[in-house]
Structure formats: structure tokens, C-alpha cells
Amino acid sequence: QVQLAESGGGLVQPGNSLRLSCPVSGHSFSSSTTLGWFRQPPGGDREFVAAMFRNTGRAYYADSVKGRFTISRDNAKNTVFLQMNSLKPEDTAVYYCALAQRAILSTVRLPTAYDYWGQGTQVTVSS
């Protein structure tokens, strides 16, 4: 009964910030656990945003969000975060958090590598 519950989305103007949160429950974390954020824009496909290896904290980002978004986690609270700064209209999407029980560097950007997904939270960036 692994559950991920994204929250923190909303409507913001370009240049503003949002912080997404995703607590994870029902999962026995291991050293290989990977936490990821994906997004699906209107009419588009699900795309990689950021990922982090829970154990080491090493993070990876899509080129489109580097320097603006930061993924982090609080292992004690079993929660992964996505801090989104300098938001742009093209960031508008439904954002999903995901968990992979085992992933390697070559697959952390692929949705198929993840075993569990949250319900999604809407982020709309518009003036």
C-alpha cells in the first residue's frame, strides 16, 4: 500500500515560486530508492523534471529546469520536495512525484523506471 501524495500546486504569475511536497507512506526505503518528479503539460506527454537517490542525495535535473528547480528530501519524514523558482508559463503542467525501488543512472529520467506514482498536483503559471 505505497502511497504518494503531492501537494503545493496552484496558480502563480511568471517569476514566482512554488514548493511541492510529496510524503511517501507504506514503503520500506532502501539504499536503491529513487525519488523523482515528472510533469505532464496540457496535451503533452509525461516528462522528466528531477530525481534524487534517497541514500546519497545526488540529484539530476532536466535541462529545462536546471538552475531554477531544486529537489530535496527529508528522509526522517519520508518526504520529497520540489522547490520551483522563476516559474515560466512553459512550466504549466500536472506535476507527479514518483518512487523507484531500484533505478540506475541511465534510467532515472524514464517514467518506466518508477514503480509508484502520486495523483498529481496542478501547477499553472500565467499572467
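Residues numbered from 1 in each chain as written. Predicted model: local features only at pLDDT ≥ 70, side-chain atom pairs only at ≥ 80, totals over all residues. Heavy atoms only, no water.

Caption draft 1: How the structure looks around the sheet that holds strand E7 (residues 69-74). As summarised here, the arrangement of the four strands in space is E1-E3-E8-E7, forming an open sheet in which the pairing is antiparallel. In this open sheet, the two edge strands, each paired with only one partner strand, are strand E1 (3-4) and E7. Judged from the two bridges that link them, E1 and strand E3 (residues 18-25) form a sheet pairing that is antiparallel. Across the sheet, Gln-3 pairs through a bridge with Ser-25, a residue of E3. (Pairing = 2+ DSSP bridges. Helix = DSSP H or I, 4+ residues; strand = E, 2+ residues; numbered from the N terminus.)

Caption draft 2: Fine view of the state of the cysteines. Taken as a whole and judged by the stated rule, the model has one disulfide. Paired by a disulfide, Cys-22 and Cys-97 hold their sulfur atoms 1.8 Å apart. With the S-S bond torsion at 45°, the cross-link from Cys-22 to Cys-97 turns out right-handed. Here Cys-97 lies in strand E9 (residues 93-100) and Cys-22 lies in strand E3, a separation of 75 residues in the sequence. Judged by its relative accessible area of 0%, Cys-22 is buried. Given a relative accessible area of 0%, Cys-97 falls into the buried group. (Disulfide = S-S within 2.5 Å. Buried < 20%, exposed > 50% of the residue type's maximum accessible area, 1.4 Å probe, protein only.)

What is shown is where atoms sit, not what they do.
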